[in-house]
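Coordinates in review
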Amino acid sequence: MANLFSKKPNVQTLSPRQKYEQKYNTSRHNLLLVFAFTLINIILLAINSNMYFLFSSFIPLYITDLGMFLCGSYPEEYYIEAGLEGMEFFNGSFFAVTVIISVIIALLYLLAWFMSSKNRVGWIIFALVLFGIDTVGMFLLAGFSVDSIIDILFHAWILYYLILGVHAHVKLKSLPPDELFTSDAVESTEIDNEPIDKENI
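Residues numbered from 1 in each chain as written. Predicted model: local features only at pLDDT ≥ 70, side-chain atom pairs only at ≥ 80, totals over all residues. Heavy atoms only, no water.

**A few points about the overall build of the chain**
Within the chain one finds 7 helices and 0 strands. In the chain, the succession of α and β elements from N to C terminus is α-α-α-α-α-α-α. When each of the 201 residues of the chain is scored for burial, the buried share is 32%. Surface accessibility of the chain: about 12,700 Å² in total, with carbon and sulfur atoms responsible for 66%. (Helix = DSSP H or I, 4+ residues; strand = E, 2+ residues; numbered from the N terminus. Buried < 20%, exposed > 50% of the residue type's maximum accessible area, 1.4 Å probe, protein only. Areas by Shrake-Rupley, 256 points an atom, 1.4 Å probe, with all protein chains shown as cover.)

**Focus: helix H5 (residues 121-142)**
In this model, H5 (22 residues) spans 31 Å end to end at C-alpha, consistent with the 32 Å of a helix rising 1.5 Å per residue. Val-121, Ile-124, Ala-127, Leu-130, Phe-131, Asp-134, Thr-135, Gly-137 and Met-138 are the residues of H5 that are buried. Just past H5, the residue Gly-143 takes up positive phi, approximately 70°. (Expected span 1.5 Å × (residues − 1).)

**Notes on the environment of Ala-127**
Along the polypeptide, Ala-127 turns up in helix H5. The class of Ala-127 is buried, set by a relative accessible area of 1%. Residues Ala-127 and Trp-113, spaced 14 residues apart in sequence, show a C-alpha to C-alpha distance of 8.5 Å. Beyond its immediate sequence surroundings of up to four residues, Ala-127 is in contact with Leu-31, Tyr-109, Ala-112 and Leu-162. (Contact = heavy atoms within 4.5 Å.)

**A word on the packing of aromatic side chains**
If you walk through the whole model with that rule in mind, you get 12 aromatic pairs. By the ring-pair criterion, three or more aromatic residues cluster together here, those being Phe-69, Tyr-74, Tyr-79 and Phe-89. (Phe/Tyr/Trp six-rings, centres within 6.5 Å; stacked < 30°, edge-to-face > 60°.)

**Notes on the packing of helix H1 (residues 16-46) against H5**
Running from N to C, H1 and H5 point in directions that differ by 45°, and their axes come no closer than 11 Å. Classified by the angle their axes make, H1 and H5 are oblique. For the pair H1 and H5, the sense of crossing is left-handed. Contacts between H1 and H5 pair Tyr-24, Ser-27, Arg-28, Leu-31 and Val-34 from the former with Val-121, Ile-124, Ala-127 and Phe-131 from the latter. Split into classes, the residues belonging to the contact of H1 with H5 amount to 7 nonpolar, 1 polar and 1 charged. (Axes fitted to C-alpha atoms, helices over the stretch in contact; angles between N-to-C directions. Parallel < 35°, antiparallel > 145°, perpendicular 65-115°, else oblique. Left-handed = near helix turned anticlockwise from the far one by under 90°. Nonpolar A, V, L, I, M, F, W, Y, C, P; charged D, E, K, R; others polar.)

**A few points about unusual backbone geometry**
Not every positive phi belongs to a glycine, and Asn-48 is a case in point at roughly 60°. Within the element layout of this structure, Asn-48 appears in the loop between H1 and helix H2 (59-70).

**Brief notes about the environment of Ser-93**
Of note, Ser-93 is situated in helix H4 (residues 92-115). Along the primary structure Ser-93 and Gly-67 are separated by 26 residues, whereas in three dimensions their C-alpha atoms are 9.9 Å apart. Engagement of the side chain of Ser-93 in a polar contact is seen with the side chain of Asn-91, the distance being 2.4 Å. (Polar contact = N/O pair within 3.5 Å; in protein donor to acceptor, adjacent residues only side chain to side chain.)

**Focus: the packing of H1 against helix H6 (residues 149-174)**
Where H1 meets H6, the closest approach of the two axes is 8 Å, and the angle between their N-to-C directions is 145°. Crossing angle aside, the handedness with which H1 passes H6 is left-handed. On H6, the residues that touch Arg-17, Tyr-20, Glu-21, Lys-23, Tyr-24, Thr-26, Ser-27, Asn-30, Leu-31, Leu-33 and Val-34 of H1 are Phe-154, Trp-157, Ile-158, Tyr-161, Leu-162, Leu-164, Gly-165, Ala-168, His-169, Lys-171 and Leu-172. Grouping the amino acids of the contact of H1 with H6 by side-chain chemistry returns 13 nonpolar, 5 polar and 4 charged.

**Points about a nonpolar patch on the surface**
Taken together, Tyr-62, Leu-66, Val-136, Leu-140 and Leu-141 make up a surface patch of nonpolar side chains, about 480 Å² in accessible area. For the nonpolar patch, the elements supplying multiple residues, two or more each, are H2 and H5. Among the elements that line the nonpolar patch, the one with the most residues is H5, at 3 residues. The topology assignment puts Tyr-62 in helix H2. (Patch = residues over 30% accessible without salt bridge, like charges linked within 9 Å, V, L, I, M, F, W, Y side chains within 5 Å. Salt bridge = Lys/Arg side-chain N within 4 Å of Asp/Glu carboxyl O.)

**Concerning the environment of Asn-30**
Considering the arrangement of structural elements, one finds Asn-30 in helix H1. Exposure remark for Asn-30: the relative accessible area of 7% places this residue in the buried category. Residues Asn-30 and Tyr-161 lie 131 residues apart in sequence; the distance between their C-alpha atoms is 7.5 Å. Discounting residues that sit within four places of it in the chain, Asn-30 has contacts with Trp-157, Ile-158 and Tyr-161. In terms of polar contacts, Asn-30 uses its side chain to reach the backbone carbonyl oxygen of Thr-26, at 2.8 Å.

The following block contains the structure:
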């Protein structure tokens with residue numbers, strides 16, 4: 001009779017190297033999140049849509065919004081209430097330039113995601129600095145308000161995971177060469193170490 005109570009192999013076991021690689025890749029994937037939502041918001045803002053996704057970089061949206069303001073894309077009542085009814089506006093080409101600049105900034109996050117593969121942590125550090133500047137810019141240009149709490153939490157989330165990615169890379173470099181075993185090897189080892197039921201021989 002087979003031993004029904006023998007220890008089952010744990011296929012979820014990860015080596016230290018795999019755990020740190022997982023954290024590093026999670027850090028990279030957050031860059032895709034920043035790029036995607038920032039690009040979507042730039043497009044929505046440029047077409048005067050009322051929709052807006054919270055999870056995005058601040059500075060590209062600020063630049064696009066500034067272009068709309070300087071080109072007279074805001075409702076006329078806005079300029080009248082602000083005492084700017086006689087304001088001279090830039091033409092549409094200026095607004096196009098602001099949108100292009102915003103898209104280029106967003107693309108930097110996509111570039112960092114792509115180039116940070118194969119443990120090229122320098123690009124994660126680049127994204128960390130870039131998003132750190134974005135966070136400081138958000139506080140300086142928009143200040144703090146109850147309405148901005150979700151944006152602040154999102155920025156804190158991204159900064160945390162980028163720092164975690166850099167930390168994971170440092171830990172990966174400190175691992176000895178014999179830490180290269182995989183979860184398949186762990187599973188195989190656990191199966192080999194199971195007690196043999198003599199009744200089943």
